[in-house]
Amino acid sequence: MEDLEDLYENAPCGYLSLGADGVIVKVNNTLCNWLSVESYDLLGKRFHDLLSVPGKIFHETHFAPLLRMQGYFNEVALDLVSSTGEYIPVLANALERRSEDGNLLFTRVTLFQATGRRKYERELVDARRAAEKAKQDLQALNEGLARRVSEGLVERIRLQRGLLAEQEVARLREQFVAILGHDLRNPLASIVGGLNILSKEPQTEKAKRVLSLMSSSTERMFSLINDMLDFARLKSGAGIDVEISRTDLKPTLEQVAEEFRSSHPNRVFAIDFRLTGPVDCDPARIAQLVSNLVGNALAHGSDDKPVEIFACILGGELTIAVRNHGVPIPKEIQDRLFQPFFRAGVSSGNQGLGLGLYIASEIARSHRGCLKVRSDHEATKFTFTMPASSATPA
Amino acid sequence: MSVIKKNNVNVRGDGDRAMVFAHGFGCDQNMWRFVAPAFEQDFKVVLFDHVGCGKSDLAAYDPERYFQLSGYADDVVEMCRELKITNGVFVGHSVSAMIGALAVVQAPDLFSDLVLIGPSPRYIDDGDYVGGFSEAQIEELLDFLDDNHMGWSAAMGPVIMGNPERPELSAELVDSFCRADPEIARAFARVTFTSDNRDDLPRVTARTLVIQCKEDVIAQQRVGEYVRDRLPRGELVVIDATGHCPNLSAPDKVTEVIKEFV
C-alpha cells in the first residue's frame, strides 16, 4: 500500500505550495535535499528567492504574469540555487488553485531536475546557430560564385567582341593582301614592261639615266610590296609559304651577289661560297633572305669597307653569313632587330619598311633554322643556319 | 506602414480623453486585461504592443531604432499623433514607465498625466544610487540571454523547434499570452536593463503618479521613491501587493489608485 505522505515528501520531484500572497507555505523533502536546506528555511520565502538572478527576473517579468493570466505555466526552464551556491537546472510546472468564485487560494509548483535535458537543449540551440552560420557562409559563397559567373560572362562577351573585331581585322587583311598582290603589282608590272620596251629604243644620255632610275625605283617598289605581302601573310598566322626542293644553292647565291654588284657598282663585295652539296630549301626564299641581309649591310655598313657574304655546308648544316663594318648595333636594340617595322635611327630614303630582318628571320624559321646577329666594333655579322637536309632531325 | 498595424493598436471605450496603457518587458497588452476595462466608460482606452512583442509587426523591428528606449518612445509619439491624442493619460508598467516619460519629454502636449507602475530609471547600482542589481548580475542576465540559455521554454520553443514551415509544432510550446520573438526579447532585455534615464526625470512636466508594490524584486521601493523625488510633479503610492506586476496580482488596487489620481 502506497504511503501518500511519503509519496509527497520523497517523490522523485520537488513540490512547493505558495499561499495566495505568494509566500511558500509547504515544501517537500526532495526539494529541501536538492537545495541542502531544512523545510523551515524555505517557509515564508517566495519562489523567486530560490532562483538565480536571471531566473528571478524572468520569473517576475514573464512567468508570474503568465500564471496570473492563464492560471498555470508548464515546462518553464529555471535554475534553482542551493544553499551552497550550486545551480540546479529544473523544469517547473505551476497551477493556481482557485475557489469557486475565482479567488486565488494557493499555487502549486512541481519541479523536475533537468540538467541533461537543459544541456541537450543548449546543444540544440548551439547546433542551430552553427547551422545558421553555415547557411550564411553558404549564401556568401553562392553570392561570390554568382558574382564570379557574371564576371566570367562579361569577360566572355568581351572576348567574343574581341574575336569579332579580330575577324574583321582578318577580313581587312585579306582585302589588303589582295590589293597588294593584284591591284598594285599588276600596274607595276606594266610599268616594268614599258621600261623594258623603252630601254631597247635609241636613247639620249639623259633618257638612259632617267630610265635606269625608274627601273631601280620599280624594283624597289616590287620589293616593298613583296615585303608587305609577306608581312600580311605572317600576321594572318599563315606563315611564310615555302616550297622546299633539293637545290644547289650556289648559282642562286651568285645571282643575288651579281645583282647587288650591278646595282651597287661602287661597293666591294667579298664572296666566299663553299657549298659542297645540295640543300633542302626554297631557293627563292633563301635568295630573299640573303638579299635582305645584304641590303641591310649596304644600308648600315661603312661605304668604304667590303660587304662579306659567306656560305658553307658543315656537319649537315648550312650556314650563310653576311658581315659588314661600321658602327656597331647597340646591345639593347639587338633583340628588337627582328621585330616587324623596326627601324634603326633616323629614317633615310634607303631604308625600307623595317620588315627586312623580320621576314628574313621568319624565312629562317620556316626552314627550321635560325637567324642571329653579333655586332661589335670590328664588324656586324648576321648568321643564318639551317639543316641542309630536311631528313635531319630538327 | 500604419502604426495601428505595426503596434497592434486596439482602441476601446466611450470617453473623449485618451488613456494609453503600455506593457512592460516580458508581456504584451494582455497584461492590462484586469485593469483597462474599468476605464472604458470614461476614457478612450488605447492598448498596444511594443514592436517585437505580442501581435506587433515583427517585420517592423529595426535593431538600430530599438537599440535605445527612445526608439520605443518615438513609436508612442507616432502612435498618439496618428490617434490625435492630446492631454491624455499614459499608464506605463515597468520599462514602459520610462518609455512614457521619454515620450512626454519629447511631446509634452500628448499627456497631461502619467501613471508609472514599478518604474526604474536604472536597474544597475551606481555609487549612492541603488538600482537593485549589480553590474555583474545584469551581465549574468544578459549572458544568460546571449548564450540563449533562456529561462523560459515558451521562448525556447520556437528557437529549438526552428520549424517555420510547421508553426503548429512551435505553437504548442508558445503560450498564447505574452509572446515574443526570442531574438527581439533578448535585445529588449539588454536595452531595458542597461538603460539609464535618471536625468530625464526632471524634464517630465506632466503630473505623475508612481505606483509601487511593497515587495518588488525588480523595482524596489527605494527606486520608486527616487523616481518621485526627481520628478517635478511626482507623487508615490505604495500598494499592498507583491511582485512586479500589481496590474495582475492586485488589479483592483491599481485601478482604484489610478481612478483617484485622474
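Bear in mind the structure is a predicted one, so any value in this text is a computation, not a measurement.

(A) Examining the overall build of chain B more closely. Across its full length, chain B carries ten helices and seven strands. The burial tally for chain B puts 57% of its 262 residues in the buried class. Restricting to contacts in chain B with at least 6 residues of sequence separation, those with at least 24 account for 75%. Total accessible area computed for chain B in this model is approximately 10,300 Å², and 45% of it derives from carbon and sulfur atoms.

(B) View of the overall build of chain A. A count of helices and strands for chain A gives ten helices and twelve strands. A compact globule built from 394 residues should have a C-alpha radius of gyration of about 21 Å, whereas chain A, at 52 Å, is more than 25% larger. If you line up chain A on its principal axes, its C-alpha atoms span 150 × 45 × 40 Å. The buried share among the 394 residues of chain A stands at 39%. Here the analysis covers contacts within chain A between residues at least 6 apart in sequence; of these, 58% occur between residues at least 24 apart. Approximately 22,800 Å² of chain A is accessible, and the part contributed by carbon and sulfur atoms is 55%.

(C) Fine view of the packing of aromatic side chains. For the coordinates displayed, the defined rule picks out 17 aromatic pairs over all chains. Here Phe-63 of chain A and Phe-73 of chain A contribute two aromatic rings whose centre-to-centre distance is 5.8 Å and whose plane-to-plane angle is 55 degrees, an arrangement assigned as tilted. Of this pair, Phe-63 of chain A sits in helix 4 (residues 53-70) while Phe-73 of chain A sits in strand 3 (residues 72-81), and the two are ten residues apart along the sequence. The residues Phe-63 of chain A and Phe-73 of chain A share a single accessibility class, namely buried. The positively charged end of Arg-198 of chain B is found above the aromatic ring belonging to Tyr-129 of chain B, 4.8 Å away from the centroid. Seen from the ring of Phe-261 of chain B, Arg-207 of chain B lies directly overhead, with NZ or CZ sitting 4.0 Å from the centre.

(D) Representation of helix 10 (residues 356-366) of chain A within the structure. Residues and elements named next belong to chain A. Where burial is concerned, most of helix 10 is hidden: eight out of the eleven residues are buried. Inspection of helix 10 places Leu-357, Tyr-358, Ile-359, Ala-360, Ser-361, Glu-362, Ile-363 and Ala-364 among the buried residues, and these make up the whole buried set. Lining the buried residues of helix 10 we find helix 6 (205-235), helix 8 (283-300), strand 11 (370-375) and strand 12 (380-387). Count one or two residues on from helix 10 and you reach Arg-368, which has phi positive near 60 degrees.

(E) Here's a closer look at the pairing of strand 10 (residues 317-324) of chain A. Residue and element names in this part refer to chain A. The buried fraction of strand 10 is high, at six of eight residues. The sheet contact formed by strand 9 (residues 307-314) and strand 10 spans seven bridges and is antiparallel. Considered in strand 10, the bridge of Ile-309 is made with Val-322. Here strand 9 folds back onto strand 10, and the loop between the two strands holds two residues, one of which, Gly-315, carries a positive phi near 60 degrees. Where strand 10 meets strand 12, eight bridges bridge the pair, whose relative direction is antiparallel.

(F) Representation of the packing of helix 5 (residues 115-199) of chain A against helix 6 of chain A in the model. Residues and elements named next belong to chain A. Between helix 5 and helix 6, the shortest axis-to-axis distance is 10 Å and the interhelical angle comes to 160 degrees. In terms of axis orientation, helix 5 runs roughly antiparallel to helix 6. Seen along the crossing, helix 5 lies across helix 6 with a hand that is left-handed. Grouping the amino acids of the contact of helix 5 with helix 6 by side-chain chemistry returns 18 nonpolar, five polar and three charged.

(G) Focus on the domain arrangement of chain A. Domain boundaries assigned for chain A yield domain 1 (4-113), domain 2 (122-234) and domain 3 (242-387). Between the C-alpha centres of domain 2 of chain A and domain 3 of chain A there is a distance of 28 Å.

(H) Inspection of the side chain of Asp-49 of chain B at higher detail. Residue and element names in this part refer to chain B. As for its position among the elements, Asp-49 is in the loop between strand 3 (44-48) and helix 2 (69-82). A polar contact is formed between the side chain of Asp-49 and the backbone nitrogen of Lys-55, at a distance of 2.9 Å. Aside from chain neighbours lying at most four places away, what touches Asp-49 is Asn-7, Asn-8, His-23, Asp-28, Gln-29, Gly-54, Lys-55 and Ser-56.

(I) Region of interest: the side chain of Asp-75 of chain B. Residue and element names in this part refer to chain B. In this structure, Asp-75 sits in helix 2. A residue is classified by how much of its surface remains accessible, and Asp-75, at 2% relative accessible area, is buried. Among the polar contacts listed, one links the side chain of Asp-75 to the side chain of Lys-6, at a separation of 3.2 Å. Within polar-contact distance, the side chain of Asp-75 engages the side chain of Arg-65 at 2.6 Å. Among all residues touching Asp-75, those that are not within four sequence positions of it are Lys-6, Asn-7, Val-51, Arg-65 and Tyr-66.

(J) Expanded view of the confidence of the model for chain B. Residue and element names in this part refer to chain B. Considering every residue of chain B, the mean pLDDT works out to 84; 85% of them sit at 70 or more. Ignoring residues within four places in sequence, the model shows residues 148-164, a span with pLDDT below 50, making 52 contacts including any to other chains. Of the regions scoring below 50 in pLDDT, residues 166-176 engages in 16 contacts with residues more than four places distant in sequence or in other chains.

(K) Main features of the packing of helix 8 of chain A against helix 10 of chain A. Residue and element names in this part refer to chain A. Contact geometry of helix 8 with helix 10 gives a least axis separation of 9 Å together with a crossing angle of 145 degrees. Judged by the sense of rotation from one axis to the other, the crossing of helix 8 with helix 10 is left-handed. Between helix 8, through Arg-285, Gln-288, Leu-289, Asn-292, Leu-293 and Asn-296, and helix 10, the contact on the second element is made entirely by Gly-356, Leu-357, Ile-359, Ala-360, Ile-363 and Ala-364. Looking at the contact of helix 8 with helix 10 residue by residue, the classes come out as seven nonpolar, four polar and one charged.

(L) Just the nonpolar core, in detail. Counting 84 residues, the largest nonpolar core has Phe-47, Leu-80 and Leu-111 of chain A together with Val-20, Met-79 and Phe-111 of chain B as the members making the most contacts within it. It is helix 3 (residues 95-106) of chain B that provides the largest number of residues to this core, a total of nine residues. By size, the runner-up hydrophobic cluster in this structure holds 52 residues, among which are Leu-253, Cys-281, Ala-297 and Leu-371 of chain A.

(M) Highlighting unusual backbone geometry. The phi angle at Glu-75 of chain A is positive, at roughly 55 degrees, despite the residue not being glycine. Its location among the elements puts Glu-75 of chain A in strand 3.

(N) The arrangement of the sheet that holds strand 2 (residues 18-22) of chain B in detail. Residues and elements named next belong to chain B. With mixed pairing, seven strands are arranged side by side in an open sheet as 1-3-2-4-5-6-7. Because the sheet does not close on itself, it has two edges, and the strands there are strand 1 (10-12) and strand 7 (234-242). Taken pair by pair, the neighbouring strands of this sheet meet at an average axis angle of 20 degrees, ignoring direction. Strand direction decides the pairing type here: strand 5 (residues 111-117) and strand 6 (residues 207-215), joined by five bridges, are parallel.

Thresholds, definitions, all that
- Residues numbered from 1 in each chain as written.
- Chains lettered and ligands numbered in written order.
- Predicted model: local features only at pLDDT ≥ 70, side-chain atom pairs only at ≥ 80, totals over all residues.
- Heavy atoms only, no water.
- Helix = DSSP H or I, 4+ residues; strand = E, 2+ residues; numbered from the N terminus.
- Buried < 20%, exposed > 50% of the residue type's maximum accessible area, 1.4 Å probe, protein only.
- Contact = heavy atoms within 4.5 Å.
- Areas by Shrake-Rupley, 256 points an atom, 1.4 Å probe, with all protein chains shown as cover.
- Rg over C-alpha atoms; globule rule 2.2 N^0.38 Å.
- Phe/Tyr/Trp six-rings, centres within 6.5 Å; stacked < 30°, edge-to-face > 60°.
- Lys NZ or Arg CZ within 6 Å of the ring centre and 35° of its normal.
- Pairing = 2+ DSSP bridges.
- Axes fitted to C-alpha atoms, helices over the stretch in contact; angles between N-to-C directions.
- Parallel < 35°, antiparallel > 145°, perpendicular 65-115°, else oblique.
- Left-handed = near helix turned anticlockwise from the far one by under 90°.
- Nonpolar A, V, L, I, M, F, W, Y, C, P; charged D, E, K, R; others polar.
- Domains from an automatic or database assignment.
- Polar contact = N/O pair within 3.5 Å; in protein donor to acceptor, adjacent residues only side chain to side chain.
- pLDDT = per-residue confidence, 0-100.
- Core = buried A, V, L, I, M, F, W, Y, C linked by side-chain atoms within 4.5 Å.

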